[in-house]
Amino acid sequence: MSRLSLAPRVRYLIARARRIDTGSVFERAKEASAQHHKAVPGIVIDMLWSAARHNVGFQDYIDYDFAMLTRAERATFMTHPVSNELSQKYDHPDFRWMFQDKVEFDKIFSTHLHRDWIIVEEGNAEAVREFTQRLGTIVTKEPVGQAGTGVHRYHAADVEDWEEFHRGLLTRGELLIEEVIRQHEDLAAVCPGTVNTTRITAFFDGEKAHILAMAQKFGRGEVSDQMTFGGFYTMLDENGHAVSAGYDSHGHVYETHPDSGFPIAEFQLPHMDKVRAFIDEVARVVPQIQYVGWDIVVSPDGPVLVEGNWGAGVYENKPSVTGIRTGHKPRYQQVIGF
């Protein structure tokens, strides 16, 4: 079993120390105190110790209910600092740009998108008009963005001046236009107004892609299902079934979807066999990027690719909601060996 290098961890801790927001730490500690009935000073000390000694992000501490867990239980949870170390070690720097730039990503993974797309360029206002009118509704993306930023939705019927529309896209940097993904009816039953993505964190060992964790995100009718747009998620088991109700990083729990009333714990991701095969397939396109958070959507015919995140991030179990007091780290360790 290999050990992760100390250098990335040291750099991460130094950077964190430089930008630490003590007010934010205390606010988070107050949240944990109110929920778990423990003194704020003790939680603050525990948060700082967990960060320095056990590589636990402050938000990780809150999201995974560390205030209610034992030391042994905490050790089973993946954290953002540990995930960052894995990304630094297993995602080759020379190939990361392929995942960072959404335009380049669409070019490289074009056969796995299963939807039409076009690049906004000088002089192609007519092509943009034809593309948009043919589809009716489009999604535009800025080449570089995260957490749903830089994603917009437009309807052809709302556009009066196509030259002005085209010029606006160029000015704002919305250079990628995509067809709206048609999602499976089981996903639409939960939230029809948003394309609900599945985050699948996987590791490619050179021979096979191993699924490490799966999270199902649900939107609230906006263009994105990210939390910045009011979205939330639930973890899925290895067969694609929801483990519990949904939750977000703001302390909200969703037994049912607020708009549709769908019971989140009853959700089953369709086409799981196709999903497993699809992840193994896309992982081979750029094998130098081994550790990826893949965002997919299951369509009526099977999975389609939305994007890949070389800095995979972490989606984890929330014990106070699920009743499960362990996380996914043992699975990561088993597959990756650290």
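*Asks:* Is there a simple way to think about the packing of aromatic side chains in this case?
*Replies:* Each aromatic ring pair is characterised by the separation of its centres together with the angle its planes make. This model, assessed by the stated rule, comprises 18 aromatic pairs. Seen from their ring centres, tyrosine 154 and phenylalanine 165 are 5.2 Å apart, and the 85 degrees between their planes marks the pair as edge-to-face. On the criterion of sequence distance, the pair formed by tyrosine 154 in strand E3 (residues 151–155) and phenylalanine 165 in helix H10 (residues 162–172) is long-range, its members being 11 residues apart. Pair check on accessibility: tyrosine 154 and phenylalanine 165 agree, each one buried. On the numbers, 5.3 Å between centres and 85 degrees between planes, the contact of phenylalanine 218 with phenylalanine 267 is edge-to-face. Note that phenylalanine 218 is positioned in strand E6 (residues 209–218) and phenylalanine 267 in the loop between strand E9 (253–254) and helix H12 (272–283), a separation of 49 residues in sequence. Among the residues examined, phenylalanine 218 registers a relative accessible area of 0% and is labelled buried. Joined through ring pairs, the aromatic side chains of Tyr61, Tyr64, Phe66 and Phe77 make up one cluster.

*Asks:* For this particular structure, what's the right way to read the side chain of aspartate 60?
*Replies:* Counting through the fold element by element, aspartate 60 comes out in helix H4 (residues 58–63). The exposure class of aspartate 60 is buried, given its relative accessible area of 2%. Those residues in contact with aspartate 60 that sit more than four places away from it in its chain are Thr79, His80 and Pro81.

*Asks:* Where do I start with the nonpolar core in this structure?
*Replies:* Generally speaking, soluble globular proteins have nonpolar side chains that are buried together. With 39 residues, the main nonpolar core has Phe99, Ile279, Trp294 and Leu305 as its most contacted residues. Listing elements by their share of this core, those giving two or more residues are helix H7 (97–100), strand E5 (198–204), E6, strand E7 (232–236), H12, strand E10 (291–299) and strand E11 (302–309). Ala29, Leu69, Tyr233 and Val314 belong to the second largest nonpolar core, which has 36 residues in total.

*Asks:* I would appreciate a short explanation of the packing of helix H2 (residues 22–36) against helix H3 (residues 40–54) in the present structure.
*Replies:* The axes of two packed helices give the description: the angle between them and the distance between them. The N-to-C vectors of H2 and H3 enclose an angle of 120 degrees; their axes lie 9 Å apart at closest approach. Between H2 and H3, the crossing angle belongs to the class labelled oblique. Handedness of the H2/H3 crossing: right-handed. Along the contact surface, H2 presents Val25, Phe26, Arg28, Ala29, Lys30, Ala32 and Ser33, while H3 presents Val40, Ile43, Val44 and Met47. Looking at the contact of H2 with H3, its residues break down into eight nonpolar, one polar and two charged.

*Asks:* Could you clarify how one ought to interpret the pairing of E6 in this entry?
*Replies:* Residues in a regular strand project their side chains so that they alternate between the two faces of the sheet. Counting buried residues in E6 gives 10 out of 10 residues, a clear majority hidden from the surface. One ladder, built from five bridges, connects E6 with E7; its direction is antiparallel. Among the inter-strand pairings, lysine 217 is bridged to a residue of E7, identified as tyrosine 233.

*Asks:* Is there a simple way to think about the pattern of salt bridges in this case?
*Replies:* Pairs can form between side chains of opposite charge whenever their charged atoms are close. Under the counting rule described, the total for this entry stands at 16 salt bridges. A salt bridge links glutamate 174 to arginine 172; its shortest N-O distance comes to 2.5 Å. We classify arginine 172 as partly exposed; its relative accessible area is 42%. Where arginine 284 meets aspartate 280, a salt bridge forms, and the shortest distance between an N and an O atom there is 3.0 Å.

*Asks:* Explanation requested: a negative patch on the surface in the structure shown.
*Replies:* Taken together, the side chains of Asp158, Glu160, Asp161, Glu163 and Glu164 make up a negatively charged region of the molecular surface. Its location among the elements puts glutamate 163 in helix H10.

*Asks:* Teacher, can you tell me more about the pairing of E10 here?
*Replies:* Of all nine residues in E10, nine are buried, a share of seventy percent or more. On E10, burial covers both faces: Tyr291, Gly293, Asp295, Val297 and Ser299 on one face and Val292, Trp294, Ile296 and Val298 on the other are all buried. Pairing geometry for E5 and E10, over six bridges, is antiparallel. Its bridge partner being in E10, alanine 202 is matched across the sheet by valine 292. In textbook terms, the turn of a hairpin is the stretch between consecutive antiparallel strands, and for E10 and E11 this stretch comprises two residues.

*Asks:* Before we go on, may I ask you to explain the packing of helix H9 (residues 125–135) against H10 in this structure?
*Replies:* For the pair H9 and H10, interaxial distance at closest approach is 9 Å and the crossing angle is 100 degrees. The angle between H9 and H10 places the two elements in the roughly perpendicular class. Contact with H9, carried on its side by Ala125, Val128, Arg129, Thr132 and Gln133, involves Trp162, Glu163, Phe165, His166 and Leu169 of H10 and no other residues of that element. Looking at the contact of H9 with H10 residue by residue, the class counts come to five nonpolar, three polar and two charged.

*Asks:* Please clarify how the environment of phenylalanine 131 should be interpreted in this entry.
*Replies:* Of note, phenylalanine 131 is situated in helix H9. Along the primary structure phenylalanine 131 and alanine 67 are separated by 64 residues, whereas in three dimensions their C-alpha atoms are 52 Å apart. Setting aside residues no more than four positions away along its own chain, phenylalanine 131 makes contact with Asp116, Trp117, Ile118, Ile138, Ile177, Glu178 and Glu179.

What counts as what
- Residues numbered from 1 in each chain as written.
- Predicted model: local features only at pLDDT ≥ 70, side-chain atom pairs only at ≥ 80, totals over all residues.
- Heavy atoms only, no water.
- Phe/Tyr/Trp six-rings, centres within 6.5 Å; stacked < 30°, edge-to-face > 60°.
- Helix = DSSP H or I, 4+ residues; strand = E, 2+ residues; numbered from the N terminus.
- Buried < 20%, exposed > 50% of the residue type's maximum accessible area, 1.4 Å probe, protein only.
- Contact = heavy atoms within 4.5 Å.
- Core = buried A, V, L, I, M, F, W, Y, C linked by side-chain atoms within 4.5 Å.
- Axes fitted to C-alpha atoms, helices over the stretch in contact; angles between N-to-C directions.
- Parallel < 35°, antiparallel > 145°, perpendicular 65-115°, else oblique.
- Left-handed = near helix turned anticlockwise from the far one by under 90°.
- Nonpolar A, V, L, I, M, F, W, Y, C, P; charged D, E, K, R; others polar.
- Pairing = 2+ DSSP bridges.
- Salt bridge = Lys/Arg side-chain N within 4 Å of Asp/Glu carboxyl O.
- Patch = residues over 30% accessible without salt bridge, like charges linked within 9 Å, V, L, I, M, F, W, Y side chains within 5 Å.
- Areas by Shrake-Rupley, 256 points an atom, 1.4 Å probe, with all protein chains shown as cover.
- Lys, Arg positive; Asp, Glu negative; His and termini not counted.
- Charge placed at Lys NZ, Arg CZ, Asp CG, Glu CD.

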